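# Results of the structural survey
Residues per chain are reported as follows:
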Amino acid sequence: MRIIELNVNGSIVTTQVKTTETLLEVLRRLGFYEVKFSCGRGECGACSVELNGKAVNACMTLAVSCHRALIRTAKGFGSVQNPGRVQRALSECGGVQCGYCVPGLVTAAESHIAASPDSSGEEVIRALDGHLCRCTGYVKQRRAINKMTSGSTIKE
Ligand code: FES
Ligand code: FES
């Protein structure tokens, strides 16, 4: 067992972890249920979190390697009362059905935009490759990203 400290959405959390535990297991144990467990093997993107400024699959990341890391989950990008730009766009364009894939999509899109604010819609959509959605057929999600980025530069 090891004790690690994480900064999750601006709050410091200290916890004991097994050396074999994934970041996904630890975050959900700590109550960050917006980080979704789906395939558990790096194939669907549902568990995406931002780790030190880059979107990663939490199911493929060992928690012990995240000591003192800056982590953002989908809740770090907005809330129901105050949604972020990607959350708002997906909601307005009907890009959310069951919602299971959405926290991962939001995290990956926001991370990409933060790193490359001048990205086109197609570039943001490419950053979402590998994020699987069982419900929407992707059309409305693509429309949401394109609508949000129209005018070529993304602004909050
Ligand atoms: Fe991590 Fe599917 S649960 S990529
Ligand atoms: Fe259901 Fe994407 S909205 S999996």
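No experiment lies behind these values; they were computed from the predicted model shown. (Residues numbered from 1 in each chain as written. Chains lettered and ligands numbered in written order. Predicted model: local features only at pLDDT ≥ 70, side-chain atom pairs only at ≥ 80, totals over all residues. Heavy atoms only, no water.)

With 96% of its residues at a pLDDT of 70 or more, the protein has an overall mean of 95. Contacts from residues 152-156, a stretch scored under 50 in pLDDT, to residues over four places away or in other chains number 13 contacts. (pLDDT = per-residue confidence, 0-100. Contact = heavy atoms within 4.5 Å.)

Side-chain alternation along strand E3 (residues 48-51) places Ser48 and Glu50 on one buried face and Val49 and Leu51 on a second face that is also buried. As judged from the two bridges shared by E3 and strand E5 (residues 69-72), these two strands associate in the antiparallel manner. Following the sheet pairing, Glu50 is matched in E5 by Arg72. (Buried < 20%, exposed > 50% of the residue type's maximum accessible area, 1.4 Å probe, protein only. Helix = DSSP H or I, 4+ residues; strand = E, 2+ residues; numbered from the N terminus. Pairing = 2+ DSSP bridges.)

Another point: the sheet that holds strand E2 (residues 11-17). Here we have five strands laid out as an open sheet, ordered E2-E1-E5-E3-E4, and mixed in their pairing. Strands at the two margins of the open sheet, each flanked by one partner only, are E2 and strand E4 (54-57). Put simply, the sheet's adjacent strands are angled 40° from each other on average, direction ignored. The strands touched by helix H3 (residues 102-115) are E3, E4 and E5; relative to E3, the strand with the most contacts, the crossing angle is about 35°. (Axes fitted to C-alpha atoms, helices over the stretch in contact; angles between N-to-C directions.)

Further remarks concern the pairing of E4. Bridging between E3 and E4 involves four bridges; their strand directions are antiparallel. Residue pairing in the sheet places Val49 in a bridge with Val56 of E4.

This brings us to H3. Over its 14 residues, H3 extends 20 Å from the first C-alpha to the last, a length consistent with the 20 Å expected when each residue adds 1.5 Å. In terms of burial, H3 is a largely internal element, eleven of the 14 residues being buried. Restricting attention to buried positions, one finds in H3 the residues Val102, Pro103, Gly104, Leu105, Val106, Thr107, Ala108, Ala109, Glu110, Ser111 and Ile113. Against E3, E4, E5, helix H2 (85-92), helix H4 (121-127) and helix H5 (139-149) lie the buried residues of H3. (Expected span 1.5 Å × (residues − 1).)

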